[in-house]
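One letter stands for each residue in the lines below.
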Amino acid sequence: GENVEQHPSTLSVQEGDSAVIKCTYSDSASNYFPWYKQELGKRPQLIIDIRSNVGEKKDQRIAVTLNKTAKHFSLHITETQPEDSAVYFCAASRYTGTASKLTFGTGTRLQVTL
Amino acid sequence: EAQVTQNPRYLITVTGKKLTVTCSQNMNHEYMSWYRQDPGLGLRQIYYSMNVEVTDKGDVPEGYKVSRKEKRNFPLILESPSPNQTSLYFCASSTDTRGEKLFFGSGTQLSVL
């Protein structure tokens, strides 16, 4: 089955700096890669996703890049703000024709300091 | 308001006492699933359902049961809870039929003593 590794497990940046979280996946047939943000005590929420036919996607201060050859994808947050502090999860999935099965990474705790 | 509602939010129980965690969504989603979240392990899928009366195992189904008799409800049943099932549980539904864009409930913190 799919295995998703996520690094780093914790990340501390100063407000205004950029943050990068990296994930690698094992199943070359995976074709959908979402990122979820979970604030303390809250539910995970989808913040951005990318499909395998796209190399990069941006939404305001966040972007995701995908390298299919190397089987890794990354989340980039620019101009970080205190409200970006949260745990971020990457995931990878492959559509089997009936359903997509998401496999999550172990999470990155991002701390944005003033 | 579109939402996935789980109950209860917190539950403390003892080993072997059957319990049910309810999940209901008001978005008419066909796809629903259950995850457990443990420190250092991320989110792991327990069961999922593509539609009414259709359920399938996820990565960690042992010790759990589900049913999908109505589109809006997807309860998680622990017939004989054990301490290793102490975890934070999330129900989710998907805005698409593939089960990709998940919308999570608020979570249920379960402690089995």
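Refer to the structure presented above.
The following refers to the structure shown. Numbers given for residues are sequential positions, taken from 1 along each chain in its written order. By the order in which they are written, chains take letters starting at A while ligands take numbers starting at 1. Whole-chain, interface and lining totals are the exception, using all residues; otherwise, since this is a predicted model, local features are given only for residues with pLDDT of at least 70 and side-chain atom pairs are given and counted only at 80 or more. Side-chain measures were taken over the full set of non-hydrogen atoms in the model, leaving aside hydrogen atoms and water.

Some thoughts on the overall build of chain A
Secondary structure is summarised from DSSP: a helix means a run of H or I of at least four residues, a strand means a run of E of at least two, and numbering begins at the N terminus for each. The secondary structure content of chain A amounts to zero helices and eleven strands. Listing each helix as α and each strand as β along chain A from the N terminus yields β-β-β-β-β-β-β-β-β-β-β. For a compact globule of 114 residues, the expected C-alpha radius of gyration is about 13 Å, and chain A comes in at 14 Å, within 12% of that figure. If one aligns the C-alpha atoms of chain A with their principal axes, the spans along those axes are about 45 × 30 × 20 Å. A 1.4 Å probe rolled over the protein chains alone gives each residue an accessible area, and that area as a share of the maximum for its type sets the label: buried under 20%, exposed over 50%, partly exposed in between. Scored against the burial criterion, the 114 residues of chain A give a buried share of 43%. A total accessible area of about 5,700 Å² is found for chain A, and carbon and sulfur atoms account for 46% of it. Note on method: radius of gyration uses C-alpha positions; expected globular size equals 2.2 Å times residues raised to 0.38. Residue burial considers only the protein chains on display, and all accessible areas are found by Shrake-Rupley using a 1.4 Å probe.

Some words on the state of the cysteines
Residues and elements named next belong to chain A. Cysteine sulfur pairs qualify as disulfides if the two atoms are within 2.5 Å. If you walk through the whole model with that rule in mind, you get two disulfides over all chains. Residue Cys23 pairs covalently with Cys90 via a disulfide, S to S 1.9 Å. With the S-S dihedral at roughly -100°, the linkage between Cys23 and Cys90 falls on the left-handed side. Note that Cys23 is positioned in strand β3 (residues 19–25) and Cys90 in strand β9 (residues 86–95), a separation of 67 residues in sequence.

A word on a nonpolar patch on the surface
A grouping of Ile12, Val14 and Leu113 of chain B is seen on the molecular surface, where their side chains present a nonpolar patch of about 330 Å² in accessible area. Position of Val14 of chain B among the secondary structure elements: in the loop between β2 (10–13) and β3 (19–25). In this scheme, patches are assembled from residues that exceed 30% relative accessible area and form no salt bridge. Like charges are connected within 9 Å, while nonpolar side chains (Val, Leu, Ile, Met, Phe, Trp, Tyr) are connected within 5 Å. Salt bridge, as used here, is a side-chain nitrogen of Lys or Arg placed within 4 Å of a carboxyl oxygen of Asp or Glu.

Re the sheet that holds strand β1 (residues 4–7) of chain B
Residue and element names in this part refer to chain B. Pairing within the open sheet is antiparallel, and its four strands lie in the order β1-β3-β8-β7. Single-partner strands in this sheet number two, and they are β1 and β7 (65–66). Strand pairing is assigned whenever DSSP detects at least two bridges linking the two strands. For β1 and β3, the ladder comprises four bridges, and the chain directions are antiparallel. Following the sheet pairing, Gln6 is matched in β3 by Cys23.

Some remarks on the interface of chain B and chain A
Opposite the 24 residues of chain B that make contact, chain A presents 21 residues. Buried area adds together the accessible area that both of two parts lose upon being put together, with accessible area traced by a 1.4 Å probe. Interface area for chain B against chain A, summed over the two sides, is near 1,900 Å², with a carbon-plus-sulfur share of 50%. Of all residues in chain B, Leu43, Arg98 and Glu100 of chain B give up the largest surface area on contact with chain A, accounting jointly for 32% of the area buried on that side. Between chain B and chain A we count three salt bridges in total. Here Lys101 of chain A and Asp59 of chain B are joined by a salt bridge, their closest N and O atoms 2.5 Å apart. We call two N or O atoms a polar contact when they sit within 3.5 Å, provided that within protein one can donate a hydrogen and the other can accept it, with sequence-adjacent residues counted only if both atoms are side-chain atoms. Remark: the boundary between chain B and chain A carries eight residue pairs in polar contact (both at pLDDT 80 or more). Residue assignment for the side of chain B that touches chain A shows that the elements contributing at least two residues are β4 (32–38), β5 (42–51) and β10 (102–104) of chain B. In terms of residue count, β5 of chain B provides more of the side of chain B that touches chain A than any other element does, five residues in total. Residues are grouped as follows: nonpolar covers Ala, Val, Leu, Ile, Met, Phe, Trp, Tyr, Cys and Pro; charged covers Asp, Glu, Lys and Arg; every other residue, Gly included, is treated as polar. Its residues assigned to classes, the side of chain B that touches chain A shows eleven nonpolar, eight polar and five charged. The contact criterion used is simple: two residues touch if any of their non-hydrogen atoms lie within 4.5 Å.

Considerations on the pairing of strand β4 (residues 32–38) of chain A
All names here are of chain A. Of all seven residues in β4, seven are buried, a share of seventy percent or more. The alternating pattern of β4 places Tyr32, Pro34, Tyr36 and Gln38 and Phe33, Trp35 and Lys37 on opposite faces, both of which are buried. The sheet contact formed by β4 and strand β5 (residues 45–51) spans six bridges and is antiparallel. Counted as the bridge partner of Lys37 is Gln45 from β5. What sits between the antiparallel neighbours β4 and β5 is a turn of six residues, in which Gly41 has the positive phi angle 75°. Summarising the sheet, β4 and β9 pair through five bridges and their orientation is antiparallel. Across the sheet, the residue bridging to Lys37 is Tyr88, located in β9.

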